[in-house]
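What follows is each chain in one-letter form.
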Amino acid sequence: MVSSQVALAFGTALVAVRAASLVDYCTVEYAASVLPSQDLGLAITIDASSVSAALTTNKSVSSEWYPASVIDYCNITFAYSHDGLNNDTVHVSYLVPSPESFSNRYVSTGGGGLAINSGISSSPTGIIVGAVSGITDGGFGNFNTQYDAAFLLAEGTINWQATYMFGYQAHHELATLGKQFTRNFFNISDKEQVYSYYQGCSEGGREGWSQIQRFANQFDGLVTGAPAFRFSQLQTNHLSGGVIEQALNYYPPPCELEKIVNLTIAACDGMDGKVDGVIARSDLCKINFDYKSTIGEPYYCAASSGGGNPGGLHRRQFPGSGATPEQNGTITAEGAAVASAFTNGLVDSKGKRIYLNPQPGSTFADVITQYNDGTNTWEASISRLGGEWIARYLNLEDKSNIDSLVNVTADTLRDWMEFGMQKYYDSLQTTWPDISPFKSAGGKVIHVHGEADSSIPTGSSVHYYESVRTTMYGDLPYDASVAAMDEFYRLYIVPGGAHCGSNPDQPAGGWPATTLQTVIEWAEKGVVPDTLENDGDIDTLCKWPLRPLWSGNGTSFDCVSDEASAESWIYTFDAFKFPVY
């Protein structure tokens, strides 16, 4: 740890820091003097020589996760190692606000895909609310290195240290260090409150829940979006589209699927009482809409030259981006059958439910096909999200995908899910349903999920919420159990929302940009969010299990209780002989 003598040498600066400017304290010397020297129970050693400090002023930032702002900050990074481990270095970065903007807050932000952080795209959210804002590299090498690069020590040998760091430990260390670093930096006594928060979506959403489930006192409030719960089921299920196509022996051209999506949106748009290009009641759509109604409708897409693969999550979910021919035809009965089977979700050979899939109106991301120039036919495009999970994380091969889906059935996917669930239950699965310690600690969590998320099904979040409700309050009447959940955990579904953001297919749905501010008001002032403010034509989000409904030709809005609709979101994964929370 850092010597206390070094810190004492800067005692005067500590006292005066709130009266100083950002320029005054954004130095390596000052940052090194306030590194946490306290025993935080982490069994780590900080490398004081690794400290860097970089000043940024008048930076314009924007995101769907926070209001557009112009911010100043000092980016302080340092490294630490775990005692007793060789070749172990973890880097953390903390953006520090100006003294006049600091509001006694700390914020951690999470990653996405297989990245443990989202870099500068997410961390400004802390500065905007007057907090020190932290990210970690998980010990994977640097802030741009993802978990898959660190997972295998060699083929067949798991790097369990990296796995537990990715699973939960790195974010525990980031926040524990970050809160103490914040106190030291601004000379805040132990008697004075420093509020701590978290915000993340997708993998970042899972990372937030990894802390709630293990470290009840870590955060006062969290915003978790579209969490990657049930890691093994989620990743394996990305192969379900290809398996369904294979079982039905039909591989629909992408243009046919796109037309089905557009027709679904048009048919289901008004079911919520307002025609605005948004399916705000995908539950009613699921109950009432029949894909067979699209059969015979024409579709057309011009030829495409393809192009370079995009990066990150999109690259893993859509591996094929080569040239495609002109697509001109009508929706077939086979295409409608594929769409219907996929939306219904994966079942095994005995008809038992394995997993769920995205709501109607979502793009068919995991059903997208690719064109084979050699055979002039469409064929399955194996999602790397699923293929890499099998090849690298289950088979322990240094490969980013499986070779084919030959002989892979729904039962195969079920067995892979079970294998991965058992193997990574204590690290990646992240479904522990009893979060009573978090509630007892006074924590608050706002959970959001886009209703048209094509990467992580919206029903996944409902399933976890319901698992927590029945585990903690299953002895109470339904309404009483929901009221008990409302005291600390609220779920909001974003109509038309895509994966962690607004949806170009349903743009009027928008996305809530001030959710962190809302959870701060809840945690610090007791302002209970009965609804959630949204940036979009739909400006109010309903708290689950209430659902949006308009009357008066779309002029009057309400959040209503609809038992039949709510029931359509409930799944029992009875293909497994054990609970899947």
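Note that the structure is predicted; figures quoted are calculated from it, not measured.

(A) Here's a closer look at the state of the cysteines. Here the structure, examined in full by the defined rule, presents five disulfides. With a sulfur-sulfur separation of 2.1 Å, C26 is cross-linked through a disulfide to C74. Taking the sign of the torsion about the S-S bond as the criterion, the disulfide between C26 and C74, at about 80°, is right-handed. With C26 in the loop between α3 (22-25) and α4 (28-33) and C74 in strand β2 (residues 66-82), the pair connects residues that are 48 residues apart, well separated along the chain. Classification of C74 by relative accessible area gives buried; the value is 0%. There is a disulfide in this structure between C255 and C301, and the S-S distance comes to 2.1 Å. Taking the torsion about the sulfur-sulfur bond, which here is approximately 85°, the covalent link between C255 and C301 counts as right-handed.

(B) Representation of the sheet that holds β2 within the structure. Sheet architecture is open: nine strands sit in the order β1-β2-β3-β5-β4-β8-β9-β14-β15, paired in mixed fashion. Edge positions in the open sheet fall to β1 (44-63) and β15 (489-494), since each of these has one partner strand only. Within this sheet the neighbouring strands show an average axis-to-axis angle of 20°, counted without direction. The pairing of strand β4 (residues 105-109) with strand β5 (residues 131-136) spans four bridges and is parallel. The partner of R105 across the bridge, within β5, is A131.

(C) Fine view of the confidence of the model for the protein chain. Of the residues in the protein chain, 94% have a pLDDT of 70 or more, and the chain-wide mean is 94. Taken as a whole, residues 1-15 scores under 50 in pLDDT and shows 25 contacts with residues more than four places along the chain or in a different chain.

(D) Seen up close, the nonpolar core. Ranked by internal contacts, the top residues of the largest apolar core, which has 124 residues, are I435 and Y489. In terms of residue count, the dominant contributor to this core is helix α7 (residues 160-185) (nine residues). If we skip the residues at most four places from it in the chain, I435 touches W209, I212, Q213, Y464, V468, M472, F488 and Y489. If you look at the next biggest cluster of nonpolar residues, it comprises 26 residues, including W65, I127, V519 and L541.

Rules used in this analysis
Residues numbered from 1 in each chain as written. Predicted model: local features only at pLDDT ≥ 70, side-chain atom pairs only at ≥ 80, totals over all residues. Heavy atoms only, no water. Disulfide = S-S within 2.5 Å. Helix = DSSP H or I, 4+ residues; strand = E, 2+ residues; numbered from the N terminus. Buried < 20%, exposed > 50% of the residue type's maximum accessible area, 1.4 Å probe, protein only. Pairing = 2+ DSSP bridges. Axes fitted to C-alpha atoms, helices over the stretch in contact; angles between N-to-C directions. pLDDT = per-residue confidence, 0-100. Contact = heavy atoms within 4.5 Å. Core = buried A, V, L, I, M, F, W, Y, C linked by side-chain atoms within 4.5 Å.

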